[in-house]
Amino acid sequence: RETYEGYQHASLLTSYIEQCLTESKLKMNDLDAVAISAGPGSYTGLRVGVSTAKAICYAMEIPLIAVDTLKAIAWKIKQSLNISNNKDTLLCPMIDARRMEVYTALYDMQLNMVGPTKALIINEKGYDENNKWSNRFIIAGNGAQKTEEILKTFEVKYLDAQCAATHMVALAMDKYSNKDFENLAHYVPNYLKMPNITTAKR
């Protein structure tokens, strides 16, 4: 179950979980683990997701698995494209962070991170810094469109791949097999930036 409408996490998440379990003919005690998107992303969305996942894990006494959101998009890029393993081609997932800013990172074709996760203001100077890795990128995610008019000096391909839970499955299964679980008491998602809190005018 998924929706791309904003500000719906709190109202839809638990009902979506119930619907998925019902349609799969499963109950809560059939679960072996819960996998969540680890961020970066919406501050409120991450808080709602993590709080719900922790509650289920505590109640069912099962482990929590956190999958990097950008890596999940990079996984989708790799699966979707019929391209050779060109070592100079980098996968560049982007999540909209409002205005001309995105959350992004760089991955090679083996999904190894080669450029750190960061909040990046989209301009040519920002991508000039990435020339030490490559000038050939495949960009996807809901922040990708912001770059189309700016990154004209690079060899860039665009893929219509948004963040989705289905892209997390293979990465989550790898973590489950390796028992790469989070500490329930102390785990916090990768907010990357704190929320923009403003003061009321009255």
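So, here's what we can say about the structure. (Residues numbered from 1 in each chain as written. Predicted model: local features only at pLDDT ≥ 70, side-chain atom pairs only at ≥ 80, totals over all residues. Heavy atoms only, no water.)

## Thoughts on helix H2 (residues 43–60)
In step 1: The terminal C-alpha atoms of H2, which comprises 18 residues, lie 26 Å apart, in line with the 26 Å expected from a rise of 1.5 Å per residue.
In step 2: Listed as buried for H2 are Gly45, Leu46, Val48, Val50, Thr52, Ala53, Lys54, Ile56 and Cys57.
In step 3: Looking at the packing, one finds that the buried side of H2 touches helix H1 (9–23), strand S1 (34–37) and strand S2 (64–67).
In step 4: Immediately beyond the C-terminal end of H2, within one or two residues, lies Glu61, with a positive phi of roughly 55 degrees. (Helix = DSSP H or I, 4+ residues; strand = E, 2+ residues; numbered from the N terminus. Expected span 1.5 Å × (residues − 1). Buried < 20%, exposed > 50% of the residue type's maximum accessible area, 1.4 Å probe, protein only. Contact = heavy atoms within 4.5 Å.)

## Here's the deal with H1
In step 1: A rise of 1.5 Å per residue sets the reference length of H1, with its 15 residues, at 21 Å; its end C-alpha atoms lie 20 Å apart and thus fit the reference within 8%.
In step 2: In the stretch just after H1, Lys25 is the one whose phi turns positive, near 60 degrees.

## Examining the sheet that holds strand S6 (residues 136–140)
In step 1: Read from one edge of the open sheet, 5 strands run S5-S4-S3-S6-S7, paired in mixed fashion. Of all strands in the sheet, those with a lone pairing partner are strand S5 (113–121) and strand S7 (155–159), marking the two edges. Averaged over all pairs of adjacent strands, the angle between strand axes in this sheet comes to 20 degrees, irrespective of strand direction.
In step 2: Two strands pair when backbone bridges link them, and strand S4 (residues 101–107) and S5 are joined in this way by 6 bridges, in the antiparallel orientation. (Pairing = 2+ DSSP bridges. Axes fitted to C-alpha atoms, helices over the stretch in contact; angles between N-to-C directions.)

## Details of the nonpolar core
In step 1: Counting residues in each nonpolar core, the largest one holds 23 residues, and the members touching the most others are Val67, Ile77, Leu91, Tyr107, Leu111, Ala140 and Leu171.
In step 2: Counting residues per element, the ones that place at least two in this core are S2, helix H3 (69–80), strand S3 (89–96), S4, S6 and helix H5 (169–177).
In step 3: No other element matches H3, which puts 6 residues into this core.
In step 4: Those residues in contact with Leu171 that sit more than four places away from it in its chain are Val67, Lys71, Ala72, Trp75 and Leu111.
In step 5: Of all hydrophobic cores here, the second largest spans 12 residues; its members include Ala38, Val50, Ala53 and Cys57. (Core = buried A, V, L, I, M, F, W, Y, C linked by side-chain atoms within 4.5 Å.)

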